[in-house]
Amino acid sequence: QLAARGAARGQQRRRAAENLLRSGYIDEGMAHLREVLAAVGIDFPETLPSTLAAVLFRRAELRVRGLGFVAKAAEKGSPADLRRVDVCWSAAKGLGMVDSLRGAYFQVRALLFSLAAGDPYRVSRSLSLEMGFVATAGPTVHARVEELRHAAQTTADRSHHPHAFAMVAAMSGVTAFLEGRFRDALPLLTDGEHQLRTRCVGCSWEIGSTATFHLWALWWTGEYRLLCERSPALVREAEERGDRYFATN
């Protein structure tokens, strides 16, 4: 019982850190995040050079390891291993749009941990988010992004999890935007946001991020009327739930 209560408290602290970071309360979220990371034995890179070196090292590790994994139901996996996956996932989401380099570090670690743990749902969502981080380099990495997208879709099919499917759709739109394919991004982002809103729960960060990229794509394609029609409702939605990150975007 003590172990179960300790695990539950750890989950609560992780969710608190994630919710604070993804809602724009960065200082408070970082303080919680450091505690959660320390509790599961994961380092926090302190400087820009050390973070960059860590990202390059872990991505090289991923290249050597490959994207294959032995599927294992979450309930049959190690709780400690799954906690490490989820802590890094929360860190990647929380930091991804405000501290992108550290976000990339925790994302690739989440992917490596999820591949080792073998839960198809966690693997698929990490592959999808990795697409976005890799695509920040632009169209020159299109082949790698497509490799990740195919792996994420295949793994989502194995997981049958609605959030996994929605993440593939949404991140396909995000990567199209980051490659400068703004017109291609619009229907993908629309589909991803629709799936997140209608088939998933607890996805305010994913919805907000996808909607933000959709607004930016409307701007770059000259769809100013649609941009002006959508923006006020999204701002109200963000303000009603105290989401400074989404409202600011």
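This write-up is about the structure you can find in this document. All of these numbers come straight from a predicted model, not from anything done at the bench.

Procedures and definitions
- Residues numbered from 1 in each chain as written.
- Predicted model: local features only at pLDDT ≥ 70, side-chain atom pairs only at ≥ 80, totals over all residues.
- Heavy atoms only, no water.
- Helix = DSSP H or I, 4+ residues; strand = E, 2+ residues; numbered from the N terminus.
- Rg over C-alpha atoms; globule rule 2.2 N^0.38 Å.
- Salt bridge = Lys/Arg side-chain N within 4 Å of Asp/Glu carboxyl O.
- Buried < 20%, exposed > 50% of the residue type's maximum accessible area, 1.4 Å probe, protein only.
- Axes fitted to C-alpha atoms, helices over the stretch in contact; angles between N-to-C directions.
- Parallel < 35°, antiparallel > 145°, perpendicular 65-115°, else oblique.
- Left-handed = near helix turned anticlockwise from the far one by under 90°.
- Contact = heavy atoms within 4.5 Å.
- Nonpolar A, V, L, I, M, F, W, Y, C, P; charged D, E, K, R; others polar.

**Description of the overall build of the protein**
Along its length, the protein carries 12 helices and 0 strands. Beginning at the N terminus, the succession of helices and strands in the protein can be written as α-α-α-α-α-α-α-α-α-α-α-α. Relative to its length of 249 residues, the protein is compact, with a C-alpha radius of gyration of 18 Å against a globular reference of 18 Å. Across its three principal directions, the C-alpha atoms of the protein cover 55 × 40 × 40 Å.

**A word on the pattern of salt bridges**
Counted by the stated rule, this structure contains 21 salt bridges. Between Glu 61 and Arg 58 there is a salt bridge whose closest N-O contact spans 2.9 Å. Of this pair, Glu 61 and Arg 58 both sit in helix H3 (residues 48-65), separated by 3 residues, roughly a single helical turn. On the accessibility criterion, Glu 61 (31% relative accessible area) is partly exposed. What emerges from the salt-bridge pattern is a single network uniting Glu 193, Arg 197, Arg 230, Glu 237, Arg 241 and Asp 243.

**Topic: the packing of helix H4 (residues 79-95) against helix H6 (residues 120-135)**
The N-to-C vectors of H4 and H6 enclose an angle of 30 degrees; their axes lie 12 Å apart at closest approach. With respect to H6, the element H4 is oriented roughly parallel. Of the two elements, H4 crosses H6, and the hand of that crossing is left-handed. Along the contact surface, H4 presents Leu 82, Val 85, Asp 86, Trp 89, Ala 92 and Lys 93, while H6 presents Arg 122, Arg 125, Ser 126, Leu 129 and Phe 133. Broken down by class, the residue content of the contact of H4 with H6 amounts to 6 nonpolar, 1 polar and 4 charged.

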